[in-house]
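Survey of secondary and tertiary structure
So you can see what is in the structure, the chains are spelled out below.
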Amino acid sequence: MRKYIFVTGGVVSSLGKGLTAASLALLLEKKGFSIAMLKLDPYLNVDPGTMNPFEHGEVYVTDDGMETDLDLGHYYRYTSAHLSRTSTATSGQIYETVIRKERQGDYLGKTVQVIPHITDEIKQRIVQAGEKEQTDVVLVEIGGTVGDIESLPFLEAIRQFCYEHSADTLKIHMTYVPHLEAAGEVKTKPTQHSVQTLRSIGIMPDLILCRCTSSLSEEIKAKISLFCHVPPQSVFDEIDVKTSIYEVPLMLHRQGVANRICELLSLPSKEVDLAEWERIIDRVRNPKATLTVGVVGKYLQHKDAYKSVFEALQHGAIEAGYHLEIRAIESDKSEEMGGCDGYLVPGGFGKRGWEGKIEAAKLCREQKIPYFGICLGMQVLVVEFARHVLGLENADSTEMNPTTTEPVISLLSEQQQVTDMGGTMRLGAYPCLLAEGSLAMRAYGSRSISERHRHRYEFNNKYKALAEKHGLLLSGHYEAENLCEIAEVQDHPWMVGVQFHPEFKSRPTEPHPLFRDFVKAMVSYAENR
Ligand code: GLN
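Quick caveat: nothing in here was measured; it's all calculated off a predicted structure. (Residues numbered from 1 in each chain as written. Predicted model: local features only at pLDDT ≥ 70, side-chain atom pairs only at ≥ 80, totals over all residues. Heavy atoms only, no water.)

**Here's the deal with the overall build of the chain**
In terms of helices and strands, the chain carries 18 helices and 23 strands. Taken against the 2.2 N^0.38 rule, which gives 24 Å for 529 residues, the C-alpha radius of gyration of the chain at 25 Å falls within 12% of a compact globule. Principal axes of the C-alpha set define a box for the chain whose edges measure 75 × 65 × 45 Å. In the chain, 57 side chains carry a positive charge and 71 a negative one; their mean positions are 2 Å apart. (Helix = DSSP H or I, 4+ residues; strand = E, 2+ residues; numbered from the N terminus. Rg over C-alpha atoms; globule rule 2.2 N^0.38 Å. Lys, Arg positive; Asp, Glu negative; His and termini not counted. Charge placed at Lys NZ, Arg CZ, Asp CG, Glu CD.)

**Points about the site of the ligand**
G347, G348, F349, C375, L376, Q379, E399, R454, H455, R456, Y457 and H501 make up every residue found near the ligand. E399 has a polar side-chain atom sitting 2.7 Å from a nitrogen atom of the ligand. The separation between an oxygen atom of the ligand and a polar main-chain atom of Y457 is 2.8 Å. Contact with the protein chains hides 99% of the accessible area of the ligand, taken as 300 Å² for the molecule alone. Assessed atom by atom at 2 Å from the grid points, the ligand resides in the second largest pocket. Counting residues per element, the ones that place at least two in the shell around the ligand are helix 14 (376-388) and strand 19 (448-455). (Near = heavy atom within 4 Å. Polar contact = N/O pair within 3.5 Å; in protein donor to acceptor, adjacent residues only side chain to side chain. Areas by Shrake-Rupley, 256 points an atom, 1.4 Å probe, with all protein chains shown as cover. 1 Å grid on protein atoms, 1.4 Å probe; cavity = no way out; pocket = protein on both sides within 12 Å on 5 of 7 lines; lining within 4 Å. Sits in = over half its atoms within 2 Å of the grid points.)

**Concerning the side chain of Q379**
With respect to the secondary-structure elements, Q379 resides in helix 14. Classification of Q379 as buried rests on a relative accessible area of 2%. For Q379, the side chain forms a polar contact with the main-chain oxygen of Y457, separated by 3.3 Å. Sequence-distant contacts of Q379, defined by excluding residues within four places in its chain, comprise W354, E399, I409, Y457 and Q499. (Buried < 20%, exposed > 50% of the residue type's maximum accessible area, 1.4 Å probe, protein only. Contact = heavy atoms within 4.5 Å.)

**Observations regarding helix 13 (residues 354-367)**
Here helix 13 is 14 residues long and its end C-alpha atoms lie 20 Å apart, about the 20 Å a rise of 1.5 Å per residue gives. Listed in full, the buried residues belonging to helix 13 are W354, G356, K357, I358, A360, A361, C364 and R365. One or two positions beyond helix 13, positive phi appears at K368, with a value near 55°. (Expected span 1.5 Å × (residues − 1).)

**Concerning the layout of surface pockets**
Roughly 1,100 Å³ of internal volume is contained in the largest pocket. Contributing elements (two or more residues each) for the lining of the largest pocket: helix 1 (17-30), strand 2 (35-41), helix 2 (53-56), helix 3 (71-78), strand 11 (235-239) and helix 12 (307-320). Residues of the lining of the largest pocket, tallied by class, amount to 12 nonpolar, 15 polar and 14 charged. Estimates place the volume of the second largest pocket at around 450 Å³. Around the second largest pocket, the lining comprises 28 residues; the ones closest to its centre are P53, G347, G348, F349 and R454. Elements that contribute at least two residues to the lining of the second largest pocket include exactly helix 14 and strand 19. Class assignment for the residues of the lining of the second largest pocket results in 14 nonpolar, 9 polar and 5 charged. (Points joined across faces, edges and corners; volume = space filled by probe spheres on them. Nonpolar A, V, L, I, M, F, W, Y, C, P; charged D, E, K, R; others polar.)

**Focus: unusual backbone geometry**
Cis rather than trans, the peptide bond between I115 and P116 has omega equal to 10°. Along the chain, the position of P116 falls in helix 5 (residues 114-131). Residue V11 is not a glycine yet carries a positive backbone phi of 75°. Note on placement: V11 falls in the loop between strand 1 (3-9) and helix 1. On the accessibility criterion, V11 (32% relative accessible area) is partly exposed. Phi angles above zero are rare outside glycine, and S266 is one such case at about 55°. As for its position among the elements, S266 is in the loop between helix 10 (257-264) and helix 11 (275-285).

**Some words on the sheet that holds strand 11**
One open sheet holds the 7 strands; their spatial order is 5-2-6-1-7-10-11, and the pairing between them is parallel. The sheet terminates laterally at strand 5 (88-90) and strand 11, the two strands that pair on one side only. Across the sheet, the mean angle from the axis of one strand to that of its neighbour is 20°, orientation sign disregarded. Bridge count between strand 2 and strand 5: 3 bridges; the pairing is parallel. Bridging from a neighbouring strand, D41 pairs with T90 of strand 5. Against the sheet, helix 1 engages strand 1, strand 2, strand 6 (137-142), strand 7 (169-176), strand 10 (207-212) and strand 11, with an angle of about 170° to strand 6. Helix-sheet contacts for helix 7 (residues 189-200) involve strand 1, strand 7 and strand 10, and the interaxial angle to strand 7 is about 145°. (Pairing = 2+ DSSP bridges. Axes fitted to C-alpha atoms, helices over the stretch in contact; angles between N-to-C directions.)

**Focus on the environment of G353**
Along the polypeptide, G353 turns up in the loop between strand 14 (342-345) and helix 13. Overall, the relative accessible area of 10% leaves G353 in the buried class. When the C-alpha atoms of G353 and V11 are compared, they prove to be 38 Å apart, with 342 residues separating the residues in sequence. Excluding residues within four positions of it along the chain, G353 makes contact with S331 and D332.

Limitation: the analysis is restricted to geometry and does not speak to function.
What follows is the structure, encoded as C-alpha coordinates:
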(Lines give C-alpha, C1' and ligand atoms only; values in the text may rest on other atoms or scores of the structure.)
Protein backbone atom coordinates (compact mmCIF):
# COMPACT_ATOMS: atom_id res chain seq x y z
CA MET A 1 0.00 0.00 0.00
CA ARG A 2 1.21 3.48 -0.86
CA LYS A 3 1.98 5.63 2.19
CA TYR A 4 1.19 9.33 2.60
CA ILE A 5 3.04 11.79 4.81
CA PHE A 6 1.63 15.25 5.47
CA VAL A 7 3.81 18.08 6.71
CA THR A 8 2.11 21.11 8.27
CA GLY A 9 3.66 24.14 9.90
CA GLY A 10 2.71 26.07 12.99
CA VAL A 11 3.47 29.22 15.02
CA VAL A 12 5.27 31.23 12.34
CA SER A 13 6.08 31.02 8.65
CA SER A 14 9.62 30.60 7.28
CA LEU A 15 10.42 27.62 9.49
CA GLY A 16 12.09 25.88 6.58
CA LYS A 17 9.23 23.46 6.04
CA GLY A 18 10.17 22.98 2.38
CA LEU A 19 13.77 22.14 3.24
CA THR A 20 12.57 19.79 5.95
CA ALA A 21 10.10 18.03 3.67
CA ALA A 22 12.86 17.66 1.06
CA SER A 23 15.30 16.32 3.67
CA LEU A 24 12.79 13.78 4.98
CA ALA A 25 12.15 12.66 1.40
CA LEU A 26 15.89 12.24 0.86
CA LEU A 27 16.16 10.06 3.98
CA LEU A 28 13.27 7.90 2.83
CA GLU A 29 14.82 7.56 -0.63
CA LYS A 30 18.04 6.46 1.03
CA LYS A 31 16.00 3.85 2.84
CA GLY A 32 15.06 2.51 -0.56
CA PHE A 33 11.60 3.97 -1.16
CA SER A 34 10.49 5.85 -4.25
CA ILE A 35 8.97 9.20 -3.39
CA ALA A 36 6.52 11.62 -4.97
CA MET A 37 6.35 15.17 -3.67
CA LEU A 38 3.31 17.45 -3.58
CA LYS A 39 3.21 21.06 -2.49
CA LEU A 40 -0.24 22.42 -1.65
CA ASP A 41 -0.35 26.20 -1.61
CA PRO A 42 -3.26 28.05 -0.06
CA TYR A 43 -3.06 31.21 -2.19
CA LEU A 44 -5.62 31.96 -4.88
CA ASN A 45 -3.22 32.54 -7.77
CA VAL A 46 -3.59 29.64 -10.18
CA ASP A 47 0.20 29.47 -10.26
CA PRO A 48 2.94 31.74 -8.91
CA GLY A 49 3.94 32.76 -12.47
CA THR A 50 2.16 36.07 -12.14
CA MET A 51 3.55 36.92 -8.70
CA ASN A 52 6.26 39.46 -8.17
CA PRO A 53 9.54 37.87 -7.02
CA PHE A 54 9.71 40.68 -4.42
CA GLU A 55 6.71 39.16 -2.77
CA HIS A 56 6.98 35.45 -3.35
CA GLY A 57 10.55 34.67 -4.31
CA GLU A 58 11.62 32.63 -7.29
CA VAL A 59 9.25 30.90 -9.67
CA TYR A 60 10.51 27.35 -10.19
CA VAL A 61 9.78 25.66 -13.53
CA THR A 62 9.35 21.94 -14.15
CA ASP A 63 10.17 20.00 -17.35
CA ASP A 64 6.52 19.94 -18.32
CA GLY A 65 6.36 23.72 -18.14
CA MET A 66 4.57 24.27 -14.84
CA GLU A 67 5.41 27.47 -13.00
CA THR A 68 5.62 26.49 -9.36
CA ASP A 69 6.53 27.45 -5.85
CA LEU A 70 10.24 27.57 -5.03
CA ASP A 71 9.90 24.65 -2.60
CA LEU A 72 9.92 22.38 -5.64
CA GLY A 73 13.49 23.56 -6.14
CA HIS A 74 14.35 22.19 -2.69
CA TYR A 75 12.69 18.90 -3.61
CA TYR A 76 14.80 18.73 -6.77
CA ARG A 77 18.07 19.51 -4.97
CA TYR A 78 17.61 16.92 -2.23
CA THR A 79 15.78 14.10 -3.96
CA SER A 80 15.35 12.35 -7.27
CA ALA A 81 11.55 12.63 -7.15
CA HIS A 82 10.05 13.27 -10.57
CA LEU A 83 8.58 16.78 -10.50
CA SER A 84 5.76 17.83 -12.80
CA ARG A 85 2.42 19.60 -12.76
CA THR A 86 1.09 16.87 -10.47
CA SER A 87 3.66 17.92 -7.85
CA THR A 88 1.89 21.16 -7.06
CA ALA A 89 -1.59 22.54 -6.49
CA THR A 90 -2.81 25.92 -5.33
CA SER A 91 -6.22 26.91 -4.00
CA GLY A 92 -6.57 28.87 -7.24
CA GLN A 93 -6.12 25.72 -9.32
CA ILE A 94 -8.45 23.66 -7.15
CA TYR A 95 -11.21 26.26 -7.25
CA GLU A 96 -10.70 26.80 -10.98
CA THR A 97 -11.17 23.07 -11.62
CA VAL A 98 -14.25 22.82 -9.44
CA ILE A 99 -15.84 25.92 -10.97
CA ARG A 100 -15.11 24.65 -14.48
CA LYS A 101 -16.78 21.34 -13.61
CA GLU A 102 -19.75 23.20 -12.19
CA ARG A 103 -20.11 25.20 -15.42
CA GLN A 104 -19.95 21.99 -17.44
CA GLY A 105 -22.81 20.64 -15.37
CA ASP A 106 -20.74 17.88 -13.79
CA TYR A 107 -22.40 18.24 -10.39
CA LEU A 108 -25.92 17.78 -11.75
CA GLY A 109 -28.06 20.22 -9.84
CA LYS A 110 -26.11 19.93 -6.57
CA THR A 111 -25.09 22.86 -4.42
CA VAL A 112 -21.34 23.13 -4.94
CA GLN A 113 -19.54 23.54 -1.60
CA VAL A 114 -16.11 23.56 0.01
CA ILE A 115 -17.00 20.25 1.65
CA PRO A 116 -17.23 17.92 -0.26
CA HIS A 117 -16.44 19.41 -3.69
CA ILE A 118 -13.25 21.35 -2.95
CA THR A 119 -12.00 18.76 -0.45
CA ASP A 120 -12.70 15.92 -2.92
CA GLU A 121 -10.69 17.72 -5.56
CA ILE A 122 -7.80 18.14 -3.09
CA LYS A 123 -7.92 14.47 -2.12
CA GLN A 124 -7.88 13.51 -5.78
CA ARG A 125 -4.71 15.58 -6.31
CA ILE A 126 -3.08 13.79 -3.37
CA VAL A 127 -3.88 10.39 -4.87
CA GLN A 128 -2.83 11.54 -8.36
CA ALA A 129 0.57 12.70 -7.10
CA GLY A 130 1.67 9.14 -6.39
CA GLU A 131 -0.06 7.36 -9.25
CA LYS A 132 1.95 8.27 -12.31
CA GLU A 133 5.27 6.95 -11.08
CA GLN A 134 3.69 4.34 -8.81
CA THR A 135 5.74 5.61 -5.90
CA ASP A 136 5.96 3.98 -2.48
CA VAL A 137 5.48 7.20 -0.55
CA VAL A 138 3.79 10.54 -1.29
CA LEU A 139 5.06 13.42 0.80
CA VAL A 140 2.66 16.35 0.92
CA GLU A 141 3.73 19.75 2.23
CA ILE A 142 1.00 22.22 3.08
CA GLY A 143 2.03 25.82 2.60
CA GLY A 144 1.19 28.50 5.15
CA THR A 145 0.70 28.20 8.89
CA VAL A 146 -1.96 26.24 10.74
CA GLY A 147 -4.70 28.63 11.79
CA ASP A 148 -4.73 30.61 8.55
CA ILE A 149 -8.17 30.88 7.01
CA GLU A 150 -6.78 30.04 3.58
CA SER A 151 -5.38 26.64 4.47
CA LEU A 152 -8.56 25.32 6.11
CA PRO A 153 -9.90 23.43 3.06
CA PHE A 154 -6.53 21.69 2.66
CA LEU A 155 -6.42 20.68 6.32
CA GLU A 156 -10.01 19.47 6.19
CA ALA A 157 -9.15 17.37 3.12
CA ILE A 158 -6.18 15.90 4.97
CA ARG A 159 -8.33 15.10 7.98
CA GLN A 160 -10.72 13.18 5.73
CA PHE A 161 -7.90 11.50 3.85
CA CYS A 162 -6.21 10.31 7.04
CA TYR A 163 -9.53 9.04 8.38
CA GLU A 164 -10.10 7.10 5.17
CA HIS A 165 -6.55 5.67 4.99
CA SER A 166 -5.55 5.69 8.64
CA ALA A 167 -2.98 2.86 8.48
CA ASP A 168 -1.13 4.44 5.57
CA THR A 169 -0.90 8.07 6.63
CA LEU A 170 1.37 10.05 8.90
CA LYS A 171 0.98 13.64 10.04
CA ILE A 172 4.09 15.61 10.86
CA HIS A 173 3.75 19.02 12.44
CA MET A 174 6.62 21.43 12.39
CA THR A 175 6.63 24.14 15.04
CA TYR A 176 8.85 26.72 16.62
CA VAL A 177 10.22 26.51 20.15
CA PRO A 178 11.71 29.91 20.90
CA HIS A 179 14.37 30.61 23.48
CA LEU A 180 13.39 33.70 25.43
CA GLU A 181 16.42 35.66 26.57
CA ALA A 182 14.50 37.45 29.31
CA ALA A 183 13.15 34.24 30.81
CA GLY A 184 16.39 32.37 30.14
CA GLU A 185 14.48 29.35 28.88
CA VAL A 186 12.72 27.82 25.91
CA LYS A 187 8.98 28.15 25.59
CA THR A 188 6.69 25.35 24.52
CA LYS A 189 3.45 27.34 24.70
CA PRO A 190 3.39 28.38 21.02
CA THR A 191 3.78 24.70 20.09
CA GLN A 192 0.99 23.71 22.46
CA HIS A 193 -1.30 26.30 20.90
CA SER A 194 -0.43 25.33 17.39
CA VAL A 195 -1.18 21.68 18.07
CA GLN A 196 -4.42 22.68 19.79
CA THR A 197 -5.45 24.54 16.66
CA LEU A 198 -4.60 21.50 14.56
CA ARG A 199 -6.61 19.26 16.87
CA SER A 200 -9.60 21.60 16.73
CA ILE A 201 -9.61 20.92 12.97
CA GLY A 202 -9.55 17.20 13.73
CA ILE A 203 -5.91 16.48 12.99
CA MET A 204 -3.77 14.77 15.62
CA PRO A 205 -0.11 15.01 14.73
CA ASP A 206 1.88 11.76 14.88
CA LEU A 207 5.27 13.40 15.00
CA ILE A 208 6.43 16.87 16.01
CA LEU A 209 9.52 18.60 14.67
CA CYS A 210 10.56 21.54 16.80
CA ARG A 211 12.60 24.25 15.14
CA CYS A 212 14.88 25.70 17.81
CA THR A 213 18.26 27.31 18.37
CA SER A 214 19.80 24.55 20.46
CA SER A 215 19.01 20.98 21.35
CA LEU A 216 15.87 20.52 23.50
CA SER A 217 16.21 18.77 26.84
CA GLU A 218 14.39 15.52 27.57
CA GLU A 219 12.29 17.48 30.03
CA ILE A 220 11.09 19.90 27.36
CA LYS A 221 10.39 17.07 24.95
CA ALA A 222 8.40 15.30 27.67
CA LYS A 223 6.39 18.47 28.22
CA ILE A 224 5.64 18.83 24.51
CA SER A 225 4.71 15.16 24.43
CA LEU A 226 2.28 15.52 27.33
CA PHE A 227 0.59 18.68 26.13
CA CYS A 228 0.50 17.72 22.47
CA HIS A 229 -0.59 14.11 22.88
CA VAL A 230 2.41 12.68 21.03
CA PRO A 231 4.80 10.08 22.53
CA PRO A 232 8.18 11.54 23.56
CA GLN A 233 10.02 9.36 21.03
CA SER A 234 8.05 11.20 18.31
CA VAL A 235 9.23 14.66 19.37
CA PHE A 236 12.37 15.78 17.57
CA ASP A 237 14.31 18.98 17.45
CA GLU A 238 15.46 20.71 14.33
CA ILE A 239 18.28 22.98 15.36
CA ASP A 240 19.35 25.93 13.19
CA VAL A 241 22.18 24.63 11.01
CA LYS A 242 25.51 26.45 11.19
CA THR A 243 27.36 25.54 8.02
CA SER A 244 24.92 24.90 5.23
CA ILE A 245 21.32 24.00 4.54
CA TYR A 246 22.66 20.66 3.29
CA GLU A 247 23.25 19.72 6.91
CA VAL A 248 19.51 19.43 7.57
CA PRO A 249 19.15 15.80 6.37
CA LEU A 250 22.23 14.80 8.38
CA MET A 251 20.90 16.44 11.49
CA LEU A 252 17.48 14.80 11.15
CA HIS A 253 19.12 11.47 10.45
CA ARG A 254 21.30 11.62 13.57
CA GLN A 255 18.16 11.82 15.67
CA GLY A 256 16.59 8.83 13.96
CA VAL A 257 13.62 10.69 12.47
CA ALA A 258 13.45 8.46 9.40
CA ASN A 259 13.55 5.30 11.53
CA ARG A 260 10.67 6.60 13.56
CA ILE A 261 8.67 7.46 10.40
CA CYS A 262 9.22 3.94 9.05
CA GLU A 263 8.19 2.45 12.37
CA LEU A 264 4.98 4.50 12.48
CA LEU A 265 4.11 3.62 8.89
CA SER A 266 5.13 -0.05 9.27
CA LEU A 267 7.71 0.32 6.52
CA PRO A 268 10.72 -2.00 6.48
CA SER A 269 13.67 0.06 7.65
CA LYS A 270 17.21 -0.27 6.36
CA GLU A 271 20.42 1.62 7.10
CA VAL A 272 20.81 4.99 5.42
CA ASP A 273 24.10 5.91 3.76
CA LEU A 274 24.67 9.67 3.72
CA ALA A 275 28.40 9.58 2.97
CA GLU A 276 28.10 11.88 -0.06
CA TRP A 277 26.20 14.44 2.01
CA GLU A 278 28.82 14.21 4.78
CA ARG A 279 31.44 14.90 2.12
CA ILE A 280 29.59 18.01 0.96
CA ILE A 281 29.51 19.42 4.50
CA ASP A 282 33.14 18.54 4.95
CA ARG A 283 34.06 20.53 1.85
CA VAL A 284 31.92 23.46 2.94
CA ARG A 285 33.73 23.50 6.30
CA ASN A 286 37.23 23.32 4.80
CA PRO A 287 37.43 25.62 1.79
CA LYS A 288 40.73 26.30 -0.01
CA ALA A 289 39.98 30.02 -0.28
CA THR A 290 37.14 32.46 -0.92
CA LEU A 291 35.76 33.57 -4.28
CA THR A 292 33.41 36.48 -4.81
CA VAL A 293 30.72 36.45 -7.44
CA GLY A 294 28.63 39.51 -8.27
CA VAL A 295 25.01 38.75 -9.03
CA VAL A 296 23.54 41.69 -10.89
CA GLY A 297 19.78 41.73 -10.60
CA LYS A 298 16.85 43.76 -9.42
CA TYR A 299 14.98 41.59 -6.94
CA LEU A 300 17.90 41.17 -4.61
CA GLN A 301 16.19 42.45 -1.47
CA HIS A 302 14.10 39.30 -1.37
CA LYS A 303 16.50 36.60 -0.27
CA ASP A 304 14.68 33.91 -2.22
CA ALA A 305 14.15 35.72 -5.52
CA TYR A 306 17.11 33.94 -7.13
CA LYS A 307 17.06 30.91 -4.84
CA SER A 308 18.05 28.27 -7.40
CA VAL A 309 20.76 30.48 -8.93
CA PHE A 310 22.34 31.04 -5.51
CA GLU A 311 22.17 27.35 -4.70
CA ALA A 312 23.60 26.29 -8.07
CA LEU A 313 26.50 28.72 -7.57
CA GLN A 314 27.16 27.15 -4.19
CA HIS A 315 27.10 23.67 -5.76
CA GLY A 316 29.79 24.75 -8.22
CA ALA A 317 31.86 26.23 -5.40
CA ILE A 318 31.49 23.15 -3.20
CA GLU A 319 32.74 20.99 -6.07
CA ALA A 320 35.71 23.30 -6.62
CA GLY A 321 36.41 23.33 -2.88
CA TYR A 322 35.96 27.08 -2.43
CA HIS A 323 33.91 29.25 -0.17
CA LEU A 324 31.71 31.47 -2.31
CA GLU A 325 30.62 34.90 -1.29
CA ILE A 326 27.69 36.15 -3.29
CA ARG A 327 27.63 39.92 -3.65
CA ALA A 328 24.19 41.18 -4.55
CA ILE A 329 24.54 44.12 -6.93
CA GLU A 330 21.41 46.12 -7.65
CA SER A 331 21.43 46.55 -11.41
CA ASP A 332 20.42 50.19 -11.26
CA LYS A 333 23.47 50.92 -9.07
CA SER A 334 26.27 49.89 -11.40
CA GLU A 335 28.71 51.97 -9.36
CA GLU A 336 28.69 49.05 -6.89
CA MET A 337 30.32 46.84 -9.52
CA GLY A 338 33.99 45.86 -9.59
CA GLY A 339 36.27 43.67 -7.53
CA CYS A 340 34.50 40.34 -8.08
CA ASP A 341 36.00 37.16 -9.55
CA GLY A 342 33.06 36.76 -11.87
CA TYR A 343 29.59 38.14 -12.59
CA LEU A 344 26.28 36.46 -13.12
CA VAL A 345 23.24 38.18 -14.60
CA PRO A 346 20.16 36.10 -13.78
CA GLY A 347 16.71 36.05 -15.36
CA GLY A 348 14.42 39.03 -15.15
CA PHE A 349 11.68 41.04 -16.75
CA GLY A 350 11.25 44.71 -17.58
CA LYS A 351 13.38 47.71 -18.23
CA ARG A 352 14.53 48.78 -14.78
CA GLY A 353 18.20 48.01 -14.30
CA TRP A 354 18.67 46.90 -17.92
CA GLU A 355 21.43 49.36 -18.74
CA GLY A 356 23.27 48.47 -15.52
CA LYS A 357 23.30 44.83 -16.56
CA ILE A 358 24.74 45.82 -19.94
CA GLU A 359 27.48 47.71 -18.07
CA ALA A 360 28.28 44.52 -16.16
CA ALA A 361 28.58 42.53 -19.40
CA LYS A 362 30.79 45.22 -20.93
CA LEU A 363 33.08 45.21 -17.91
CA CYS A 364 33.40 41.42 -18.09
CA ARG A 365 33.98 41.32 -21.84
CA GLU A 366 36.59 44.06 -21.86
CA GLN A 367 38.45 42.89 -18.77
CA LYS A 368 38.06 39.20 -19.51
CA ILE A 369 36.29 38.51 -16.24
CA PRO A 370 34.11 35.36 -16.22
CA TYR A 371 30.49 36.18 -17.05
CA PHE A 372 27.47 33.92 -16.87
CA GLY A 373 24.20 35.19 -18.32
CA ILE A 374 21.00 33.33 -17.64
CA CYS A 375 17.93 33.98 -19.76
CA LEU A 376 17.72 37.80 -19.56
CA GLY A 377 21.46 37.62 -18.82
CA MET A 378 22.06 36.00 -22.21
CA GLN A 379 20.02 38.74 -23.89
CA VAL A 380 22.18 41.28 -22.05
CA LEU A 381 25.33 39.60 -23.36
CA VAL A 382 24.02 39.69 -26.94
CA VAL A 383 22.86 43.32 -26.82
CA GLU A 384 26.14 44.47 -25.27
CA PHE A 385 28.10 42.62 -27.95
CA ALA A 386 25.94 44.07 -30.71
CA ARG A 387 26.31 47.62 -29.41
CA HIS A 388 30.03 47.63 -28.69
CA VAL A 389 31.57 44.99 -30.96
CA LEU A 390 29.24 44.98 -33.95
CA GLY A 391 28.91 48.75 -33.68
CA LEU A 392 25.11 48.66 -33.70
CA GLU A 393 24.61 51.57 -31.34
CA ASN A 394 20.85 51.16 -31.18
CA ALA A 395 20.92 47.43 -30.58
CA ASP A 396 18.33 46.46 -28.01
CA SER A 397 15.71 43.99 -26.93
CA THR A 398 12.22 44.99 -28.02
CA GLU A 399 11.14 44.25 -24.46
CA MET A 400 13.13 47.33 -23.38
CA ASN A 401 12.73 49.43 -26.51
CA PRO A 402 9.87 48.31 -28.75
CA THR A 403 10.85 50.71 -31.55
CA THR A 404 14.58 50.00 -31.71
CA THR A 405 16.03 49.94 -35.22
CA GLU A 406 18.29 47.00 -34.28
CA PRO A 407 16.11 44.40 -32.54
CA VAL A 408 18.77 41.80 -31.79
CA ILE A 409 16.44 40.32 -29.20
CA SER A 410 12.76 40.31 -30.02
CA LEU A 411 9.53 38.35 -29.97
CA LEU A 412 9.29 35.59 -32.55
CA SER A 413 6.07 37.19 -33.73
CA GLU A 414 7.99 40.39 -34.46
CA GLN A 415 10.75 38.47 -36.23
CA GLN A 416 8.26 36.66 -38.42
CA GLN A 417 5.87 39.58 -38.93
CA VAL A 418 2.97 37.69 -37.39
CA THR A 419 1.00 39.59 -34.83
CA ASP A 420 -1.32 37.07 -33.25
CA MET A 421 1.15 34.79 -31.50
CA GLY A 422 3.08 37.21 -29.32
CA GLY A 423 2.88 37.29 -25.57
CA THR A 424 3.07 33.58 -25.04
CA MET A 425 5.73 32.38 -22.72
CA ARG A 426 8.07 29.59 -23.76
CA LEU A 427 7.91 27.28 -20.78
CA GLY A 428 9.45 23.97 -19.77
CA ALA A 429 12.05 21.65 -21.24
CA TYR A 430 13.34 21.92 -24.81
CA PRO A 431 16.13 19.92 -26.43
CA CYS A 432 19.24 21.80 -27.46
CA LEU A 433 22.04 20.75 -29.80
CA LEU A 434 25.52 22.02 -28.93
CA ALA A 435 28.31 23.07 -31.29
CA GLU A 436 31.51 21.03 -31.27
CA GLY A 437 34.41 22.85 -29.68
CA SER A 438 32.23 25.26 -27.69
CA LEU A 439 32.53 26.00 -23.97
CA ALA A 440 29.01 24.66 -23.58
CA MET A 441 29.93 21.38 -25.23
CA ARG A 442 33.02 21.13 -23.05
CA ALA A 443 30.91 21.65 -19.94
CA TYR A 444 28.14 19.17 -20.77
CA GLY A 445 30.37 16.61 -22.45
CA SER A 446 27.53 15.70 -24.76
CA ARG A 447 26.00 17.18 -27.90
CA SER A 448 22.35 16.97 -27.01
CA ILE A 449 20.98 18.36 -23.81
CA SER A 450 17.61 19.39 -22.43
CA GLU A 451 17.00 22.50 -20.37
CA ARG A 452 14.02 24.42 -19.01
CA HIS A 453 12.79 27.75 -20.32
CA ARG A 454 10.68 30.63 -19.07
CA HIS A 455 10.78 33.63 -21.38
CA ARG A 456 9.14 35.36 -24.34
CA TYR A 457 11.97 37.05 -26.22
CA GLU A 458 14.49 35.30 -28.48
CA PHE A 459 17.74 35.96 -30.27
CA ASN A 460 16.98 37.41 -33.72
CA ASN A 461 18.58 35.13 -36.32
CA LYS A 462 18.83 38.08 -38.70
CA TYR A 463 21.99 39.04 -36.77
CA LYS A 464 23.47 35.58 -36.57
CA ALA A 465 25.95 35.72 -39.45
CA LEU A 466 27.22 39.17 -38.50
CA ALA A 467 27.61 38.25 -34.82
CA GLU A 468 29.47 35.03 -35.60
CA LYS A 469 31.76 36.84 -38.00
CA HIS A 470 32.82 39.12 -35.14
CA GLY A 471 33.42 36.40 -32.59
CA LEU A 472 30.12 35.62 -30.92
CA LEU A 473 29.70 31.86 -31.11
CA LEU A 474 26.06 30.80 -31.13
CA SER A 475 26.75 27.41 -29.68
CA GLY A 476 23.36 25.89 -28.86
CA HIS A 477 20.22 25.53 -30.95
CA TYR A 478 16.70 24.26 -30.64
CA GLU A 479 16.69 22.85 -34.10
CA ALA A 480 12.98 22.27 -34.62
CA GLU A 481 12.36 26.02 -34.59
CA ASN A 482 15.86 27.22 -35.38
CA LEU A 483 16.13 29.11 -32.09
CA CYS A 484 19.44 30.17 -30.73
CA GLU A 485 19.87 29.10 -27.10
CA ILE A 486 23.50 29.80 -26.19
CA ALA A 487 25.92 32.64 -26.99
CA GLU A 488 29.65 32.60 -26.14
CA VAL A 489 32.14 35.42 -26.59
CA GLN A 490 35.07 33.76 -28.32
CA ASP A 491 38.07 35.85 -27.47
CA HIS A 492 37.38 35.46 -23.76
CA PRO A 493 38.13 32.79 -21.12
CA TRP A 494 34.49 32.24 -20.10
CA MET A 495 31.66 34.50 -21.19
CA VAL A 496 28.56 32.42 -21.75
CA GLY A 497 24.88 33.30 -21.97
CA VAL A 498 22.09 30.74 -22.04
CA GLN A 499 18.47 31.38 -22.94
CA PHE A 500 17.32 28.66 -20.54
CA HIS A 501 17.49 28.23 -16.76
CA PRO A 502 20.21 25.71 -15.86
CA GLU A 503 19.89 26.62 -12.18
CA PHE A 504 16.72 24.53 -11.91
CA LYS A 505 18.71 21.37 -12.57
CA SER A 506 21.63 21.60 -10.19
CA ARG A 507 22.11 19.48 -7.08
CA PRO A 508 24.76 19.64 -4.37
CA THR A 509 25.53 16.02 -5.23
CA GLU A 510 25.52 16.77 -8.98
CA PRO A 511 26.45 20.40 -9.69
CA HIS A 512 25.18 21.69 -13.02
CA PRO A 513 28.03 21.56 -15.60
CA LEU A 514 27.72 25.24 -16.55
CA PHE A 515 27.80 26.42 -12.94
CA ARG A 516 30.70 24.06 -12.27
CA ASP A 517 32.67 25.50 -15.20
CA PHE A 518 31.74 29.10 -14.41
CA VAL A 519 33.15 28.63 -10.89
CA LYS A 520 36.27 26.97 -12.35
CA ALA A 521 36.73 29.99 -14.62
CA MET A 522 36.43 32.26 -11.56
CA VAL A 523 39.09 30.19 -9.80
CA SER A 524 41.53 30.69 -12.71
CA TYR A 525 40.68 34.36 -12.90
CA ALA A 526 41.28 34.78 -9.15
CA GLU A 527 44.57 32.87 -9.33
CA ASN A 528 45.91 34.98 -12.19
CA ARG A 529 44.81 38.34 -10.91
N1 GLN B 1 12.33 39.09 -20.04
C2 GLN B 1 13.01 38.16 -20.87
C3 GLN B 1 12.08 37.41 -21.79
O4 GLN B 1 10.90 37.38 -21.56
C5 GLN B 1 13.83 37.19 -20.05
C6 GLN B 1 12.99 36.31 -19.16
C7 GLN B 1 13.79 35.61 -18.11
O8 GLN B 1 14.92 36.00 -17.83
N9 GLN B 1 13.22 34.62 -17.48
O10 GLN B 1 12.52 36.83 -22.76
